[in-house]
Amino acid sequence: ETKPRTPVIWVHGLECTCCSESFIRSAHPLTRDVVLSMLSLDFDNTLMAAAGHQALAVIEEVREKYKGRYIVAVEGNPPLNEDGIFCIHGGRPFIEELKEVCADAKAIISWGACASFGCVQAAKPNPTRATPVHKVITGKPIINVPGCPPIAEVMTGVVTYMLTFDRIPELDRQLRPKMFYGQRIHDKCYRRGHFDAGQFVEAWDDEGARKGYCLYKMGCKGPTTYNACSSIQWNGGVSWPVRSGHGCIGCSEDGFWDKGSFYDRV
Ligand code: SF4
Ligand code: SF4
Ligand code: F3S
């Protein structure tokens, strides 16, 4: 309670804003507590009331006052083709803003598949050359929190860890926090018993679907996807894709759009 709140600058590149939508729905901890008591969200052009030059001036203020002590959260990615013209903020390419704001940051969090891996805008043929944050920013600790979007409690969990321990969480080779991305969806899936018993859904409306059999033959990517959906679940633990009867499309994996994840049956 006596510790000064860590300033955060949250910037947006090419994205759909559903990472923000996910974040504001965290139940444990409540987003309200994260934003109002744990950190100081000084700039977020989606959530803040201010706009235009007054809002942009806050970035400069934070950079000067908290050099080396603030966190940058990035939603979306910078497109590099044609000098970045495909994403303009305040009259200039997002890539310029991103490089500037990251230069004095303590650490950078890449929210979602867009910032971590490129997502749909980077799918072939990637006309704007949308590029993940860690490929354009170097020399700073970067934490990838993939998913399209990431689970709300994973997002606030990463922030909570960083604020509590004053360090970044342990990461895997793809810069993902091991505590949330250390296991496959398949490892904790409640339908795993059906997989092991060879009981599969073979058509969306067959008997196996009604009995909740394994969705592997309907294209479930749980066996190759690292995320916490089968343990933490979504909407405060209410459900998740496999429980809703669809199967995982691997939205937290690099390049899932180009890997035939959608409705690609085995
Ligand atoms: Fe939207 Fe997915 Fe990108 Fe998040 S990762 S901004 S949910 S497209
Ligand atoms: Fe694995 Fe998917 Fe089957 Fe669950 S539904 S056991 S994640 S293949
Ligand atoms: Fe994404 Fe698969 Fe979870 S599609 S939301 S990683 S179950």
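The structure we're discussing is the one just above.
Read on for an overview of the structure. Remember, predicted model here, so these are calculated numbers, not experimental data.

## Some thoughts on the sheet that holds strand β1 (residues 6-12)
- In space, the 5 strands of this open sheet follow the order β2-β1-β3-β6-β7, with parallel pairing throughout. Only two strands of the sheet have a single partner each, and these edge strands are β2 (39-44) and β7 (142-145). Each adjacent strand pair in this sheet contributes to an overall mean axis angle of 20°, direction not counted.
- Relative to strand β3 (residues 71-75), β1 runs parallel, the two sharing 5 bridges. Looking at the pairing, Ile 9 lines up with Val 72 of β3.
- Taken strand by strand, helix α2 (residues 31-38) contacts β1 and β2, and its axis lies near 95° from that of β2.
- Packing of helix α6 (residues 152-165) onto the sheet brings it into contact with β1, β2, β3, β6 (107-111) and β7, and relative to β6 it is tilted by some 170°.

## Digging into the nonpolar core
- In this structure, Ile 109, Trp 111 and Val 145 are the most contacted members of the largest nonpolar core, which totals 35 residues.
- For this core, the secondary-structure elements that each account for two or more residues are β1, α1 (18-23), β3, β6, β7, α6 and α7 (178-181).
- With 6 residues, the top contributor of residues to this core is α6.
- Leaving out residues up to four positions away in the same chain, Ile 109 has contacts with Ile 71, Val 72, Ala 73, Val 74, Ile 143, Val 145, Val 158, Val 159 and Met 162.
- Core analysis: the next-biggest nonpolar cluster, separate from the first, contains 25 residues, Val 74, Leu 98, Ala 130 and Ile 142 among them.

## A short note on the side chain of Glu 153
- In this fold, Glu 153 is placed in helix α6.
- No salt bridge is formed by the buried Glu 153; its nearest oppositely charged neighbour, Arg 25, is found at 10 Å.
- Here the side chain of Glu 153 touches Ala 27 through a polar contact of 2.8 Å, landing on its backbone nitrogen.
- Not counting chain neighbours up to four residues away, the residues in contact with Glu 153 comprise Arg 25, Ser 26, Ala 27, His 28, Phe 180, Ile 232 and Gly 236.

Parameters and conventions
Residues numbered from 1 in each chain as written. Chains lettered and ligands numbered in written order. Predicted model: local features only at pLDDT ≥ 70, side-chain atom pairs only at ≥ 80, totals over all residues. Heavy atoms only, no water. Pairing = 2+ DSSP bridges. Helix = DSSP H or I, 4+ residues; strand = E, 2+ residues; numbered from the N terminus. Axes fitted to C-alpha atoms, helices over the stretch in contact; angles between N-to-C directions. Contact = heavy atoms within 4.5 Å. Core = buried A, V, L, I, M, F, W, Y, C linked by side-chain atoms within 4.5 Å. Buried < 20%, exposed > 50% of the residue type's maximum accessible area, 1.4 Å probe, protein only. Lys, Arg positive; Asp, Glu negative; His and termini not counted. Salt bridge = Lys/Arg side-chain N within 4 Å of Asp/Glu carboxyl O. Polar contact = N/O pair within 3.5 Å; in protein donor to acceptor, adjacent residues only side chain to side chain.

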